[in-house]
2 protein chains.
Amino acid sequence: MTEPSQSPVRTRLYVDSPLAADQSVGLDHERAHFLRHVLRLDRGDAVAVFNGRDGEWRAVIDGFGKGWCSLTVVEQRRPQSGSPDLWLLFAPLKKGRIDFVAEKATEMGVSRLMPVFTRRTDPNRVNSDRLRANAVEAAEQCERLSVPDLTEPLPLFRALADWPTDRKLFLCAEAGTARPIAEAMRATGPCPAAVLIGPEGGFDQSELDELGKLPFVVPVGLGPRILRADTAVVAALACWQSLSGDWTADGGDTRPPFRSSAEPTA
Amino acid sequence: MTEPSQSPVRTRLYVDSPLAADQSVGLDHERAHFLRHVLRLDRGDAVAVFNGRDGEWRAVIDGFGKGWCSLTVVEQRRPQSGSPDLWLLFAPLKKGRIDFVAEKATEMGVSRLMPVFTRRTDPNRVNSDRLRANAVEAAEQCERLSVPDLTEPLPLFRALADWPTDRKLFLCAEAGTARPIAEAMRATGPCPAAVLIGPEGGFDQSELDELGKLPFVVPVGLGPRILRADTAVVAALACWQSLSGDWTADGGDTRPPFRSSAEPTA
C-alpha cells in the first residue's frame, strides 16, 4: 500500500467519534496541545485518525481554539481489519515495567489486556487509566487500527471462572513440567488463545496445581533462563503471532502498511 | 535439578576469577556494598558465582573489610554448558531503551551483542561500560552461566565486512519484501545465526538495497504492526530460540535449573 499523493499524514490519533467523510472530530485539550505545540502542526495539516471500528481516515486540521482542536475527516486510508483473537493475562508489575507491558502487548497485537492478581503479585492495585493511556499511545505508534480492550483487574481464579471452553490459555511458568512453547503452540494450532504471565516472583505452587486442573490450560516453557515478566510477555506473544497469528502468511497482511515495496532481496 | 540441602544461595554474582573448590574470590567495593548493605548478608552466608567458563559454584562469605568482601568457593552447583550461537546486531537507542535491549537480549540468551551504527541511528556513541553492566546484571538474574560478549560499536557495513559465511543474518525491516519470520527461520534450520534490528526510524532504503545483496542476509517480517526497536529485539530472538535455539526439546535443558519439578499438568 502506498500513500495517495497528498500532504503527508503527520501523526496518528485514536479517537472515540464515528469516522466518515466530512465528519467533524473535536480533540480535547491534551491532544490539541500535542498537535499544536509539540508537533507544531497548523490549520490544513493532515493527520490520521482511527476509532477501532471504522478503519483509518485522513483528516485535516480545521483550527485550534482555547484548549481544543477540530478536524474534518476527508477520506479513508485503510478499511477496518480484523485482528488476532489473542488475550494477555498478566500480574500487575511495578510502575515502569507495567507501562512497558501495556505498550509491548499492544504492539504485539493482543486484543484484550487482562490484569490479574496472583498470590505473589506485589502491587495490589492497578492504575487502569494509565494502562489504557499507554495502550492508546502504543496503538497510535504501531499502526494498529484498534486499542486492546482493558478488563477490570480481578483475582486470577475469578478471571478464569467463566472462561470460554474453546480458548486455550498458554501458561508461562518457570516451575513444573511444560512443553517447549513452539511445540505446544504448533500442537494446539490456530484457535482463540490467551497467554498468562505471572508476577516477578513466579506463581505459587498451589496456583500451579490449581491451574493444572483446568482443561483449557496449556503449560509452556520459555527455555532454560528465568525471564523477567515483561520479557516473557513479548516473547510468548511473539511465538504465538509468528506461529498462529497475523505474522504468518495465512494471517492476512503480514507487512506494515504504507511502506515502500522496494525489495531488499536480490 | 534441586538444590543440595545447605544454607540457601542468596544471590548470583558474575566474577572474573577462576572458580574451583577452596579458591578465594575477592569482590570490589560495589559488590561488597551490595552484599552487606543491600542484601544484608553476613559471614557464612552463601552466594552463587559464575565466570562464563567454570560453571556455577556455591561460595561462602569469609568476611568484609573496608570496601571489599572475600568469598571462599565451596562446590560446583552446575557445570558450564554451551549456549546458543546467536548474535544480536542493533542500532544504539537512547538511554533507557538501550539499557532495555542489553537486559532483554541477555535474558533471551544471545552470545554476542554488537552495537552497529546505521544511517538513521540517533545516538552517535555508545556507553559500552553501561551496556556491559546491564548485561552482567541481567545474566546474574536470569540464571545464565555466561555474559554476552560485547563488541566495539562499528558502522553497520564495517561490522559486516568480514562476516562468517556460514552465519545467517536475519534482517528485521519494516519496508521491503520479507518472508514471515517463523517461515524463514524454519526454512533456514539450525545454524549459527544473528538478528539485525535497525534504529527507531528504520533503515534507509540504500541500506536495505545494500543488505539485500549480501548472500547471508535473510529479510524477515514481524507482522503488520510497526514494532519499536526494543520490542523487535525480544520478538525476533524469541522466534529464533523457540524454533532453533535452546527453547526447543533438542536444545538441551529446556527448563530453568533449581525449580521444583512438581507438575502443573494433570
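Just so it is clear, the structure is predicted and the values come from calculations on it, not from any experiment.

### Considering the packing of aromatic side chains
And step 1. Inspection of every chain in the model, using the stated rule, returns seven aromatic pairs over all chains.
And step 2. A ring pair is formed by Phe100 of chain A and Phe100 of chain B, whose centres lie 4.3 Å apart and whose planes are at 50°; its orientation type is tilted. Of this pair, Phe100 of chain A sits in helix 2 (residues 97-107) while Phe100 of chain B sits in helix 2 (residues 97-107), each in a different chain.
And step 3. Among the aromatic residues, those joined into a cluster by ring pairs are Trp87, Trp163 and Phe216 of chain A.
And step 4. Geometry around Trp87 of chain A places Arg112 of chain A over its ring, the cationic atom sitting 4.3 Å from the centre.
And step 5. A cation over an aromatic ring shows up here: Arg167 of chain B above the ring of Trp87 of chain B, its NZ or CZ 3.6 Å from the ring centre.

### Points about the sheet that holds strand 1 (residues 9-14) of chain A
Residue and element names in this part refer to chain A.
And step 1. Read across the sheet, five strands follow the order 1-3-4-5-2 without closing on themselves; strand pairing throughout is mixed. Looking at which strands have only one partner, the edges of the open sheet turn out to be strand 1 and strand 2 (24-27). Sheet twist, expressed as the average angle between the axes of neighbouring strands with direction ignored, equals 40°.
And step 2. Across the sheet, helix 3 (residues 128-142) lies against strand 1 and strand 3 (46-50), angled at about 145° from strand 1, the strand it touches most.

### Quick look at the packing of helix 2 of chain A against helix 3 of chain A
Residues and elements named next belong to chain A.
And step 1. It is the contact of helix 2 with helix 3, at a shortest axis distance of 8 Å, that shows an interaxial angle of 35°. When you trace helix 2 past helix 3, the crossing you get is right-handed. Contacts between helix 2 and helix 3 involve Ile98, Asp99, Ala102, Glu103, Thr106 and Glu107 from the former and Arg130, Leu131, Asn134, Ala135, Ala138, Ala139 and Cys142 from the latter.
And step 2. Considered class by class, the residues forming the contact of helix 2 with helix 3 number seven nonpolar, two polar and four charged.

### Notes on the sheet that holds strand 3 (residues 46-50) of chain B
Residues and elements named next belong to chain B.
And step 1. One open sheet accounts for five strands, arranged 1-3-4-5-2; its pairing is mixed. The two strands at the open ends of the sheet, each matched to only one other strand, are strand 1 (9-14) and strand 2 (24-27). The average undirected angle you get between the axes of adjacent strands in this sheet is 40°.
And step 2. Inspection of the sheet shows strand 2 paired to strand 5 (residues 68-78) by four bridges, in the antiparallel sense.

### A word on the interface of chain B and chain A
And step 1. Listed by partner, the interface residues are 65 residues for chain B and 65 residues for chain A.
And step 2. Between chain B and chain A, the buried area comes to about 5300 Å², and carbon and sulfur atoms account for 55% of it.
And step 3. Two residues, Asp246 of chain A and Arg225 of chain B, come together in a salt bridge whose shortest N-O distance is 2.8 Å.
And step 4. In this structure, the connection of chain B to chain A is made through 30 residue pairs in polar contact (both at pLDDT 80 or more).
And step 5. Mapped by element, the contributors of at least two residues to the side of chain B that touches chain A are helix 2, helix 3 (128-142), helix 5 (181-188), helix 6 (205-212), strand 13 (217-221) and helix 7 (229-243) of chain B.
And step 6. For the side of chain B that touches chain A, the element with the highest residue contribution is helix 7 of chain B, accounting for nine residues.
And step 7. Of the residues that constitute the side of chain B that touches chain A, the class distribution is 29 nonpolar, 17 polar and 19 charged.

### What about the pattern of salt bridges?
And step 1. The final tally for this structure, using the stated rule, is 39 salt bridges over all chains.
And step 2. In this structure, Glu210 of chain A and Arg119 of chain A form a salt bridge, with 3.7 Å as the shortest nitrogen-oxygen distance. Here Arg119 of chain A lies in the loop between strand 7 (112-117) and helix 3 and Glu210 of chain A lies in helix 6 (residues 205-212), a separation of 91 residues in the sequence.
And step 3. With a relative accessible area of 34%, Glu210 of chain A lands in the partly exposed category.
And step 4. Between Glu183 of chain B and Arg179 of chain B there is a salt bridge, with its nearest N and O atoms 3.1 Å apart.
And step 5. The exposure class of Glu183 of chain B is partly exposed, given its relative accessible area of 32%.

### Let's talk about helix 3 of chain B
Within an α-helix, residues lying three or four positions from one another point in the same direction, as the helix has 3.6 residues per turn.
All names here are of chain B.
And step 1. The terminal C-alpha atoms of helix 3, which comprises 15 residues, lie 21 Å apart, in line with the 21 Å expected from a rise of 1.5 Å per residue.
And step 2. Of the positions making up helix 3, those classed as buried are Leu131, Asn134, Ala135, Val136, Ala138, Ala139, Glu140 and Cys142.
And step 3. Between a side-chain oxygen at the N-terminus of helix 3 and the backbone nitrogen of Asp129 the separation is 3.3 Å; the capping residue is Asn127.

### Details of the side chain of Ser146 of chain B
And step 1. Within the secondary structure, Ser146 of chain B is located in the loop between helix 3 and strand 8 (149-150).
And step 2. Non-local contacts of Ser146 of chain B, meaning those with residues more than four positions away in its chain, are made with Phe50, Gly52, Gln80, Ser83 and Ala139 of chain B.

### Considerations on the domain arrangement of chain A
The accessible area lost on association of the parts is a frequent measure of interface size.
Residue and element names in this part refer to chain A.
And step 1. In terms of domain boundaries, chain A breaks down into domain 1 (9-78) and domain 2 (86-250).
And step 2. The C-alpha-based centres of domain 1 and domain 2 are spaced at 32 Å.
And step 3. Between domain 1 and domain 2, the buried area comes to about 780 Å², and carbon and sulfur atoms account for 54% of it.
And step 4. Scanning the region where domain 1 abuts domain 2 turns up two salt bridges.
And step 5. Of the charged contacts, one joins Arg12 and Glu143 as a salt bridge, the two residues approaching to 3.6 Å between their closest N and O atoms.
And step 6. For the side of domain 1 that touches domain 2, the leading source of residues is strand 1, giving three residues.

### A word on the relation of the copies chain B and chain A
And step 1. For the match of chain B to chain A, the screw axis carries a shift of 0.0 Å, the RMSD comes to 0.0 Å, and the turn is 180°. Each copy turns onto its partner about a two-fold axis.
And step 2. Here 100% of the contact residues of chain B are again contact residues in chain A; the copies associate through an equivalent surface.

Quick notes on the rules
Residues numbered from 1 in each chain as written. Chains lettered and ligands numbered in written order. Predicted model: local features only at pLDDT ≥ 70, side-chain atom pairs only at ≥ 80, totals over all residues. Heavy atoms only, no water. Phe/Tyr/Trp six-rings, centres within 6.5 Å; stacked < 30°, edge-to-face > 60°. Helix = DSSP H or I, 4+ residues; strand = E, 2+ residues; numbered from the N terminus. Lys NZ or Arg CZ within 6 Å of the ring centre and 35° of its normal. Pairing = 2+ DSSP bridges. Axes fitted to C-alpha atoms, helices over the stretch in contact; angles between N-to-C directions. Contact = heavy atoms within 4.5 Å. Left-handed = near helix turned anticlockwise from the far one by under 90°. Nonpolar A, V, L, I, M, F, W, Y, C, P; charged D, E, K, R; others polar. Buried area = accessible area lost by both parts, 1.4 Å probe. Salt bridge = Lys/Arg side-chain N within 4 Å of Asp/Glu carboxyl O. Polar contact = N/O pair within 3.5 Å; in protein donor to acceptor, adjacent residues only side chain to side chain. Buried < 20%, exposed > 50% of the residue type's maximum accessible area, 1.4 Å probe, protein only. Expected span 1.5 Å × (residues − 1). Domains from an automatic or database assignment. Least-squares fit on C-alpha atoms with pLDDT ≥ 70 in both.

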